[in-house]
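Fold and geometry: a report
Letter by letter, the chains look like this.
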Amino acid sequence: MLDTSRRGSDRASRLARAAALSGTSGKICPADRATRLLEAIIEPGDRVTIEGDNQKQADFLASALAKVDPSRVHDLHMVQSVLALPDHLAVFERGIANRLDFAFAGPQSRKLAELVANGTVKVGAIHTYLELYARMLVDLTPRVALIVADKADRNGNLYTGPNTEDTPTIAEAAAFRGGIVVAQVNEIVDRLPRVDVPGDWVDVVVPSPKPYLIDPLFTRDPAKIRNENVLMAMMAIAAVYEPYQVRRLNHGIGYATAAIELILPTYAAQRGLKGKIASHFVLNPHPTLIPAIEAGFVDSVYCFGSELGMERYVTNRADIFPVGADGNLRSNRALAQVAGQYACDLFIGGTLQIDAQGNSSTATKDRITGFGGAPNMGADPRGRRHDSPTWLRAGQEAGESLRGRKLVVQMVQTYQPNGAPSFVERLDAFDLAASAGFALPPIMIYGDDVTHVVTECGVANLLRCRSPQEREAALRAVAGDTEFGRQRSSETSDSLRRRGIVMFPSDLGIEVNIATRDWLAAKSIDDIVTASGGLYVPPAKFRRAIVTHT
């Protein structure tokens, strides 16, 4: 028999302290006692996770943790997917926590860089989502997990609604290793629409004074898509989607990929590609995908999470989205990461910097953004064994004799919106590694996994390169008027163009002067609402944008 006496040996005493705060309410702890609850169940040196997905946040519990007495709770090791809130860093500034393992820190990336630089935060590693979940089950198991859900019943069963995301994964990691699971919920009900996390995984439920924070992070206003985004989208379809017959894919959330979604019913349809490309997505329900769905391009969408305002549309299209008997989406971030890695033939996304060998990173000198899921989906999965026309053709072009290749496309304009060049001789990640004490530079996608780079200037097909020198020359050829691009050799670029390694718009039959917003199937948020039959309900900030646009 296994000796489990050490695992969670003080669990009973911690729960007894929690019960004293809940009183006769069983698992329900009043919101005004949340901070006292955390002081009762968390001890110095504990490993703690706060759920913070790309969208929904256990914001009330994060606030409660930031208010605990540092003399009672300190030296915590925080393990969390996303640092999105000021409270996520306040625990470090107040001396409550000192060590961090995470995946993404978008809105807190600059502040995190400051705290790492001054020694307030010691980063163990910047993970991918899937990597972090795996370590939660192995060697980064949380002692206390603070999660979030829509509803709970009095037995602690949880209903997550459309944003299930990574809630079950985090809860399971703690619950089955003697940890304590606390759930923030919007309301307590007698009967749940469905059970997403069983009550015997949950120790305490805290009804929040207001609904948890959720942001529409995957919504892009078509009014902000520029002509150059449309040009890049047309080149991506002509140089990648069409020749490789890409049907299973994941899109990033930039304006260029939004443009791809919005020209499927127009440009791609004109090229006779309906039913031949872009039919199976692993994707949050992007509003910009609605016209393609309604045009019959899309057969299925498996979701990491939901998207605010898309609830009614998704419910109405249960033929496309994973909708349960309760009528709502059931998302799963961990399984979607797996699907993006193994079931997709193409990943297409953006980055902040690309170097001479195609290595890319979103960790720069003054921002530690993290990676999220891009490295999972933007890597060639060496364990894959099933074939597809896309996979096989990519492998053949790469010179592989025993296996295929996944298409990994970096789609980036030559200059970032802030004016910084996207192409550099050396990634800032190398300097960041030295200053933060990382063993290796935090590279998001390694160059040897990247198959294509698309800019407003052209496409570099790195599959066809047979040397590091050719890869570098191909990248310089599409880097435009950057210092990196100006180092190109016209003679070498012309040679690569003749071999189909470098493709400019004219090589793809695209006239630059007609690559305009006119191709967009929806040119504004209100156009998307119309395409949805009135089912899409834009979040408030986008409704304001409609008024401004009008």
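Since this is a predicted model, take the numbers as computed values, not measurements. (Residues numbered from 1 in each chain as written. Predicted model: local features only at pLDDT ≥ 70, side-chain atom pairs only at ≥ 80, totals over all residues. Heavy atoms only, no water.)

If you tally the helices and strands in the chain, you get 19 helices and 20 strands. Structurally, the chain occupies a C-alpha span of about 75 × 55 × 55 Å along its principal axes. The burial tally for the chain puts 60% of its 550 residues in the buried class. When contacts within the chain are restricted to residue pairs at least 6 apart in sequence, long-range pairs at least 24 apart make up 74% of them. By element, 50% of the accessible surface of the chain is carried by carbon and sulfur atoms, the whole surface being about 21,200 Å². In the chain, the 61 positive side-chain charges and the 62 negative ones have mean positions that sit 1 Å from each other. (Helix = DSSP H or I, 4+ residues; strand = E, 2+ residues; numbered from the N terminus. Buried < 20%, exposed > 50% of the residue type's maximum accessible area, 1.4 Å probe, protein only. Contact = heavy atoms within 4.5 Å. Areas by Shrake-Rupley, 256 points an atom, 1.4 Å probe, with all protein chains shown as cover. Lys, Arg positive; Asp, Glu negative; His and termini not counted. Charge placed at Lys NZ, Arg CZ, Asp CG, Glu CD.)

With that out of the way, let us pick up the sheet that holds strand β17 (residues 407–411). With mixed pairing, the eight strands of this open sheet are ordered in space as β11-β10-β9-β12-β17-β18-β19-β20. What marks the edges here is a single partner per strand, and that holds for β11 (300–302) and β20 (502–503). When strand β19 (residues 459–461) meets β20, the two strands line up antiparallel, connected through two bridges. The residue bridging Val459 from the neighbouring strand is Met503, located in β20. (Pairing = 2+ DSSP bridges.)

Position of Lys541 relative to the elements: it lies in helix α19 (residues 540–549). Between the C-alpha atom of Lys541 and that of Leu273, which follows or precedes it by 268 residues, the distance is 35 Å.

The tally for this structure, following the rule as stated, stands at 34 salt bridges. When the shortest N-O distance is used, the salt bridge between Glu165 and Arg333 registers 2.7 Å. Here Glu165 is found in the loop between β6 (158–159) and α7 (167–175), whereas its partner Arg333 is found in helix α12 (residues 333–342), with 168 residues between them in sequence. What makes Glu165 buried here is its relative accessible area of 0%. (Salt bridge = Lys/Arg side-chain N within 4 Å of Asp/Glu carboxyl O.)

Turning next to the side chain of Arg333. On the accessibility criterion, Arg333 (2% relative accessible area) is buried. Beyond its immediate stretch of four places on either side in the chain, Arg333 contacts Asp53, Asn54, Gln55, Tyr129, Tyr133, Glu165, Asp166, Phe304 and Gly305.

In the Ramachandran plot, Gln245 falls in the positive-phi region, its phi being about 55° despite a non-glycine side chain. Backbone geometry places Ala278, a non-glycine residue, at a positive phi of 50°. By secondary structure assignment, the location of Ala278 is in the loop between α9 (255–270) and β10 (280–282).

Attention now moves to the environment of Ser467. Counting through the fold element by element, Ser467 comes out in the loop between β19 and α16 (468–477). Accessibility expressed as a relative area gives 22% for Ser467, which makes it partly exposed. Residues Ser467 and Gly26, 441 residues apart in the sequence, show an inter-C-alpha distance of 66 Å.

Here the focus is the packing of helix α8 (residues 227–244) against α9. Two elements in contact, α8 and α9, have axes separated by 8 Å at closest approach and are oriented at 70°. In this view, α8 runs roughly perpendicular relative to α9, as classed from their interaxial angle. Here α8 runs over α9; the crossing is right-handed. From α8, Asn229, Val230, Met232, Ala233, Met234, Ala236, Ile237, Ala238 and Tyr241 reach across to α9, where they touch Tyr255, Ala256, Ala259, Ile260, Ile263, Leu264, Tyr267 and Ala268. Looking at the contact of α8 with α9, its residues break down into 16 nonpolar, one polar and no charged. (Axes fitted to C-alpha atoms, helices over the stretch in contact; angles between N-to-C directions. Parallel < 35°, antiparallel > 145°, perpendicular 65-115°, else oblique. Left-handed = near helix turned anticlockwise from the far one by under 90°. Nonpolar A, V, L, I, M, F, W, Y, C, P; charged D, E, K, R; others polar.)

What follows deals with the pairing of strand β7 (residues 180–188). In this sheet, β7 lies alongside strand β5 (residues 144–152) in parallel orientation, the contact comprising eight bridges. Bridge pairing in β7 links Lys151 to Glu187. Looking at chain direction, β7 and strand β8 (residues 204–207) are connected through four bridges and run parallel. Counted as the bridge partner of Gln184 is Val206 from β8.

Think of two packed helices as two axes; the pair is described by the angle between the axes and how far apart they sit. Between α16 and helix α17 (residues 490–498), whose axes approach to 10 Å, the crossing angle comes to 100°. Regarding the angle of α16 to α17, the classification is roughly perpendicular. On the side of α16, the interface is formed by Glu470, Ala473, Ala474 and Ala477, while α17 contributes Thr492, Ser493 and Leu496. Grouping the amino acids of the contact of α16 with α17 by side-chain chemistry returns four nonpolar, two polar and one charged.

On to the nonpolar core, then. Ranked by size, the top nonpolar core spans 87 residues in total, and within it Leu65, Met78 and Val206 carry the most contacts. When residues in this core are grouped by element, the largest group, six residues, is from helix α3 (residues 59–66). Non-local contacts of Val206, meaning those with residues more than four positions away in its chain, are made with Cys29, Pro30, Ala31, Ala34, Leu37, Phe60, Leu61, Val182, Ala183, Gln184 and Val185. The next biggest cluster of nonpolar side chains, apart from the first, holds 65 residues, and it includes Met234, Ala258, Leu283 and Leu508. (Core = buried A, V, L, I, M, F, W, Y, C linked by side-chain atoms within 4.5 Å.)

Moving on to the pairing of strand β12 (residues 346–349). Residues Leu346 and Ile348 point to one face of β12 and Phe347 and Gly349 to the other, with burial holding for every one of them. Two elements, strand β9 (residues 248–251) and β12, share three bridges in a ladder whose sense is parallel. Note that in β12 the partner of Asn250 across the bridge is Phe347. Pairing analysis gives four bridges linking β12 to β17, with the strands arranged parallel. Bridge pairing links Gly349 to Gln410 in β17.

As a further point, take the confidence of the model for the chain. Averaged over the chain, the pLDDT score is 94; the fraction of residues at 70 or greater is 97%. The low-confidence segment residues 1–5 (pLDDT under 50) makes zero contacts with residues lying over four places distant or belonging to another chain. Confidence over residues 545–550 falls short of pLDDT 50; this stretch has six contacts with residues more than four positions distant or in other chains. (pLDDT = per-residue confidence, 0-100.)

A few words on the state of the cysteines. The final tally for this structure, using the stated rule, is zero disulfides. Sulfur of Cys457: no disulfide; nearest cysteine sulfur belongs to Cys465 and is 17 Å away. Judged by its relative accessible area of 10%, Cys465 falls in the buried class. (Disulfide = S-S within 2.5 Å.)

So, on to α3. For α3, the buried fraction is high: eight of the eight residues fall into the buried class. Residues Asp59, Phe60, Leu61, Ala62, Ser63, Ala64, Leu65 and Ala66 constitute the buried set of α3.

By the secondary structure assignment, Ser493 is in helix α17. Owing to a relative accessible area of 9%, Ser493 belongs among the buried residues under this scheme. Remark: the alpha-carbon pair of Ser493 and Val246, spanning 247 residues in sequence, is separated by 27 Å. In this structure Ser493 touches Ala477 and Arg488, once residues within four positions along its chain are discounted.

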